[in-house]
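Residues per chain, in single letters:
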Amino acid sequence: MIPSIQSKLPEVGTTIFTVMSGLAAEHHAVNLGQGFPDYPMNAELTSLVDKAMRDGYNQYVPMQGYMPLREAIAEKAGKLYGAEIHPGTDITITPGGTYAIYTALTTVLQPGDEVIVFEPAYDSYIPNIEINGAVAVRLPLRYPDYSIDWQLVRASVTSRTRMIMINSPHNPTGAVLRETDIQELRKVVKDTQILILSDEVYEHLIFDGVQHESILKYPDLMERAFVCFSFGKVYHCTGWKLGYCISNAALMAEFRKVHQYNCFSCHTPSQVALATFIRDGETYLGLGNFLQEKRDYFIRSMAATKFDLLHSYGSYFICAKYHRISRENDTGFATRLTMENKVATIPVSAFYKEGTDNQVIRFCFAKKQETIDAAVEKLLLL
Ligand code: PMP
Ligand code: GLN
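The notes below deal with the structure included here. (Residues numbered from 1 in each chain as written. Chains lettered and ligands numbered in written order. Predicted model: local features only at pLDDT ≥ 70, side-chain atom pairs only at ≥ 80, totals over all residues. Heavy atoms only, no water.)

Where helix H3 (residues 67-81) meets helix H11 (residues 268-277), the axes come as close as 8 Å, and the angle between the chain directions of the two elements is 35°. The handedness of the crossing between H3 and H11 comes out as left-handed. Between H3 and H11, the residues in contact are Pro68, Leu69 and Ala72 and Gln271, Leu274 and Ala275, respectively. In terms of residue class, the contact of H3 with H11 is made up of 5 nonpolar, 1 polar and no charged. (Axes fitted to C-alpha atoms, helices over the stretch in contact; angles between N-to-C directions. Helix = DSSP H or I, 4+ residues; strand = E, 2+ residues; numbered from the N terminus. Left-handed = near helix turned anticlockwise from the far one by under 90°. Contact = heavy atoms within 4.5 Å. Nonpolar A, V, L, I, M, F, W, Y, C, P; charged D, E, K, R; others polar.)

With that out of the way, let us pick up the site of ligand 1. The full set close to ligand 1 counts 13 residues, and Thr98, Asp199, Tyr202, Ser230 and Lys241 are the nearest of them. One nitrogen or oxygen atom from the side chain of Asn171 is found 2.7 Å from an oxygen atom belonging to ligand 1. Burial of ligand 1 by the protein chains amounts to 94% of its free accessible area of 390 Å². Looking at the shell around ligand 1, the element that brings in the most residues is helix H4 (residues 97-108), giving 3 residues. Grouping the constituent residues of the shell around ligand 1 by class yields 4 nonpolar, 6 polar and 3 charged. (Near = heavy atom within 4 Å. Polar contact = N/O pair within 3.5 Å; in protein donor to acceptor, adjacent residues only side chain to side chain. Areas by Shrake-Rupley, 256 points an atom, 1.4 Å probe, with all protein chains shown as cover.)

Moving on, we get to the pattern of salt bridges. Counting across every chain of the model gives 19 salt bridges. Asp55 is the partner of Lys51 in a salt bridge, and the nearest nitrogen-oxygen pair spans 2.6 Å. Of the residues examined, Lys51 reaches a relative accessible area of 43% and is grouped as partly exposed. Its relative accessible area of 44% is what places Asp55 among the partly exposed residues. In this structure, Lys76 and Glu203 form a salt bridge, with 3.5 Å as the shortest nitrogen-oxygen distance. With Lys76 in helix H3 and Glu203 in the loop between strand S6 (195-199) and helix H8 (219-222), this pair connects stretches of sequence that are 127 residues apart. An identical accessibility class is assigned to Lys76 and Glu203; each is buried. One salt-bridge network, held together by shared partners, links Glu11, Glu130 and Lys353. (Salt bridge = Lys/Arg side-chain N within 4 Å of Asp/Glu carboxyl O. Buried < 20%, exposed > 50% of the residue type's maximum accessible area, 1.4 Å probe, protein only.)

Its location among the elements puts Ala334 in helix H14 (residues 330-339). Taking C-alpha positions, Ala334 is 11 Å from Phe363, a pair spaced 29 residues apart along the chain. Those residues in contact with Ala334 that lie beyond four places of it in its chain are Met20, Thr345, Pro347 and Ile361.

This next bit is on the packing of helix H1 (residues 16-26) against H14. In the contact formed by H1 and H14, the axes pass within 9 Å of each other and the chain directions differ by 25°. In terms of their interaxial angle, H1 and H14 are classed as roughly parallel. Residues Met20, Leu23 and Ala24 of H1 lie in contact with H14, whose contacting residues are Ala334, Thr335, Thr338 and Met339. For the contact of H1 with H14, the class distribution of residues is 5 nonpolar, 2 polar and no charged. (Parallel < 35°, antiparallel > 145°, perpendicular 65-115°, else oblique.)

Before going further, it helps to spend a moment on helix H15 (residues 369-379). Along H15, the residues that are buried comprise Thr371, Ile372, Ala375, Val376 and Leu379. Considered in projection along H15, the buried side chains sweep an arc of 125° and stay on one side of the axis. Opposite the packed face of H15, turned more than 90 degrees from it, sit the exposed residues Glu370 and Glu377. Contacts made by the buried residues of H15 are with strand S1 (30-31), helix H13 (287-302), H14, strand S11 (343-344) and strand S13 (360-364). (Arc of directions from axis to C-beta.)

This part covers the nonpolar core. In this structure, Ile164, Leu216, Tyr235, Phe307 and Phe363 are the most contacted members of the largest nonpolar core, which totals 102 residues. At 6 residues, the largest contribution of residues to this core is made by H3. Excluding residues within four positions of it along the chain, Phe363 makes contact with Leu32, Phe298, Met302, Phe307, Tyr316, Phe317, Ile318, Ala320, Thr345 and Leu379. Grouped together as the second largest cluster of nonpolar side chains are 24 residues, Ala104, Met165, Leu195 and Met252 included. (Core = buried A, V, L, I, M, F, W, Y, C linked by side-chain atoms within 4.5 Å.)

The next subject is the side chain of Thr371. With respect to the helices and strands, the residue Thr371 is situated in helix H15. Exposure remark for Thr371: the relative accessible area of 13% places this residue in the buried category. Discounting chain neighbours no more than four positions away, the residues touching Thr371 are Val30, Leu32 and Asp38.

Below is the structure:
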């Protein structure tokens, strides 16, 4: 007999990304669903990993992460955002951005705490909050530009509000926070005990000359913030599952207590390689233009279809309305599109706990031109 357990996440199924990629594989569909590039990563970076392994970097690094990598990250944060980050105390290397977010939430949340989270929200956020016994206070972003209603935020703060989660550039919508948003955030948290979790995994994937408003730029906000990053997104290697979290020494000390008994340390050769590689700013500064070209190619190619694209300012996603094609709900439509029309996407309702459905689907354009061409050829038939 299998002993029964009480589920910690009774309402949760399999993540939509795995579901849609599975469906795409099963039906031989072009996969513009799950967010990952299908073009090769930088060969110099893979050679550096190979070299690190051959040079004998194959044992544990300290639980905080390989120090030269933390030093390189601190230098980059100084150069880009004017931030004074101490590699010894303020940075921890993690197995991906998702883990960094989970660890930050687990570090601070007590049962009954409230976390303000904006929907559509990346699908790990709410389960990560709830598994800690805390409550997700879900506020809708304003459709269709997906901006934050700060008046609603102010009205939603209570004595139990422990944290506000932000994500810019935003998955799934490509919306980005502006300086005015940061000023509003500042006003909301000033003189409170509210912490901030800023998911900045798409920091370099930002278009049209818009500047990324990193929380690292704001020393007053860094007193209360965990900022999470992903090397997978920056270096086209999502399968490496490597990222990091930056905070201040006091909060990071607590973060590390959780991290050291969960992961302890991350893959050493990749950290050694990145410590060298990221010192060259060219490796990340050209990324915005690179992906903007892909976005624009996708927009041009889709113009002749019946999809109506919303605007994407960043990330590698763009959303589309399909009301000129179908009145189905987005999950039904995305499923049928995969099975019958052989193009996989992600229904945006999956980013809402209650499944809010604006009949919008998400496309990932971080793909080779031939992949986009193959998908658009099929979408033109609709
Ligand atoms: N946050 C957002 C919004 C994301 O889209 C991703 C990518 N999956 C992550 C965090 C984390 O990325 P990873 O764990 O793969 O580094
Ligand atoms: N971030 C990616 C997306 O939004 C996928 C990550 C995942 O599969 N967990 O599609």
